[in-house]
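This is what each chain is made of:
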Amino acid sequence: MKTRHPEYQYLDLLKDILKNGSEKELFFTPEVREQYLNKGEDIPFIKSVFGRMIRFDLQKGFPLLTTKKVFSRGIIVELLWFLSGSTNIKYLVDNNVHIWDEWAYKAYHKHCLKKNLEEVSQKDFITRIKESNENSKFVKKWADLKMVYGKMWRKWPASDGRKIDQLAWVIDGLRSKPYRKSYVVSAWNPDFIYAMASPGNATEVPPFCHTTFQFATGKTKEGKDKLNLALYQRSADSFLGVPFNIASYALLLEMVAQVVGMEPGEFVHFFGDVHIYSNHMQQVKEQISRVPKPFPQLILNPKIKEIDDFKFEDIKIEHYVSHGPIKADIANIGGFEKTDVKKFRK
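Quick caveat: nothing in here was measured; it's all calculated off a predicted structure. (Residues numbered from 1 in each chain as written. Predicted model: local features only at pLDDT ≥ 70, side-chain atom pairs only at ≥ 80, totals over all residues. Heavy atoms only, no water.)

Digging into the packing of helix α2 (residues 30-38) against helix α5 (residues 101-114)
We count it as follows: Geometry is summarised by axes, namely lines fitted to C-alpha atoms with helices restricted to the contacting stretch, and by angles between N-to-C directions that run from 0 to 180 degrees. Secondary structure is summarised from DSSP: a helix means a run of H or I of at least four residues, a strand means a run of E of at least two, and numbering begins at the N terminus for each. An angle counts as roughly parallel when it lies under 35 degrees, as roughly antiparallel when it exceeds 145, as roughly perpendicular when it falls between 65 and 115, and as oblique in every other case. Any two residues whose heavy atoms approach within 4.5 Å at even a single point are treated as in contact. Put simply, Ala, Val, Leu, Ile, Met, Phe, Trp, Tyr, Cys and Pro go in the nonpolar bin, Asp, Glu, Lys and Arg in the charged bin, and everything else, Gly too, in the polar bin.
As a packed pair, α2 and α5 sit with axes 10 Å apart at the nearest point and diverge in direction by 95°. Looking at the two axes, α2 sits roughly perpendicular to α5. For the pair α2 and α5, the contacting residues are Glu 31, Val 32 and Gln 35 in the first and Tyr 105, Lys 106, His 109, Lys 110 and Leu 113 in the second. Taken together, the residues of the contact of α2 with α5 break down into 3 nonpolar, 2 polar and 3 charged.

What to know about the nonpolar core
Worth spelling out the cut-off: In this description, a nonpolar core means a group of buried Ala, Val, Leu, Ile, Met, Phe, Trp, Tyr and Cys residues linked to one another through side-chain atoms lying within 4.5 Å. Partly exposed residues are those whose accessible area sits between 20% and 50% of the maximum for their type, while under 20% is buried and over 50% is exposed, using a 1.4 Å probe and protein chains only.
Ile 89, Trp 153, Phe 215 and Met 255 are the most contacted members of the largest nonpolar core, which has 92 residues in total. In terms of residue count, helix α10 (residues 241-260) provides more of this core than any other element does, 14 residues in total. Discounting chain neighbours no more than four positions away, the residues touching Ile 89 are Trp 81, Trp 100, Asp 101, Ala 104, Ile 126, Ile 129, Ala 143 and Leu 145. One finds Phe 28, Val 32, Tyr 36 and Tyr 277 within the second-largest nonpolar core, a separate group that totals 8 residues.

Brief notes about the sheet that holds strand β5 (residues 184-186)
Two strands in a sheet stick together by hydrogen bonds in their backbones, pointing the same way (parallel) or opposite ways (antiparallel). Let me state the cut-off plainly: Between any two strands, pairing holds if DSSP finds at least two bridges.
Pairing is mixed in the open sheet, where 6 strands are placed in the order β1-β2-β8-β7-β6-β5. A single partner strand is all that each edge strand has here, and the edge strands are β1 (22-24) and β5. Strand-to-strand twist of the sheet, defined as the mean angle between neighbouring strand axes without regard to direction, takes the value 20°. Where strand β6 (residues 210-219) and strand β7 (residues 225-237) come together, 9 bridges link them in antiparallel fashion. Each bridged residue has a counterpart across the sheet, and for Phe 213 the counterpart in β7 is Leu 231. Contacts from helix α1 (residues 8-20) reach β1, β2 (46-57) and β8 (263-277) within the one sheet, and its direction differs from that of β2 by about 165°. Sitting on the sheet, helix α9 (residues 166-176) touches β5, β6 and β7, and the angle it makes with β5 is about 175°.

A short note on the packing of aromatic side chains
Stated formally: Any Phe, Tyr or Trp ring, taking Trp's six-membered ring, that has another such ring centre within 6.5 Å forms a pair; planes under 30 degrees apart are called stacked, those over 60 apart edge-to-face, and the others tilted. In this scheme, the term charge over a ring applies when either NZ of a lysine or CZ of an arginine sits within 6 Å of the ring centre and within 35 degrees of the ring normal.
This structure, assessed with the given rule, holds 21 aromatic pairs. The interplanar angle of 70° and the centroid separation of 5.4 Å between the aromatic rings of Phe 28 and Tyr 36 together place this pair among those described as edge-to-face. Considered together, Phe 28 and Tyr 36 belong to a single accessibility category, that of buried residues. Connected via pairs of aromatic rings, a cluster forms that spans Trp 81, Phe 82, Trp 100, Trp 103, Tyr 149, Trp 153, Phe 208, Phe 213, Phe 215, Tyr 249 and Phe 267. Above the face of the Tyr 36 ring, Lys 39 is positioned so that its terminal group lies 5.5 Å from the ring centre.

Given below as structure tokens:
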């Protein structure tokens, strides 16, 4: 009996949303809404379902989706940025990865409007970041998102002033006590989320979408130790974001498995609100009409034994054959307006 290609889980999820999803409004800050209106575009909404799950066995190939070409270089660069613990997008910009540009620009654009400064296009804003020194005042202030996954993974701000490296704790535990069930990394930190945030911590970046992930060990059929990873994602842009998320966390699983001396097992992806944007509908219909191709292979430099030693050249994806790319605009959601936050700080 022929095994069904694992990518159909993702395509079935898209079909599920199209068939069963509920339409919901999105929150955009006033200046972002104005940008849509000035371009003569409708304000996007979403069609969403709640509570879904897909899973991929990494022994059967690396789950880089094939029904559209996925930006694998961007996935690798972004994950290395997360692992560094940085919150400043200059590293991404310098490597021509622009998936976080909108949120840095949103804060700067809002500042220009508030101060009646000359407006600068997003393109010119990013060019200035790229051409400026990383230690310049402009880069330090406006390229810094403050709240990004890597900071919470590697530099969680503790109440006593310490910076907690959650991922290092997980790796140390997997090496010494591999069968414990507590190897969880959390990115959900209310102290950086809109109205709950401490003064100066609120940002234009939406609250963490992939909120929590957990490593758990098991055994292969041959009796070798294997490492599994489960992600809970509270909010998932199924067309643009989810293919990226699947490959990123599968890559993280492979990297951690190598440094703790285990075989990579399953990546399990749990969703809260998983949705399609209204301006992605035609692209989604195009993608679900395509037939998946065999998954590629991930090759890691076997000499790397510590998570912080991985560099871009240590990670290679081979035999990736896909259908052509399908372009779609990202929706610059999130941000905040003036809110009475005192009631949340008791």
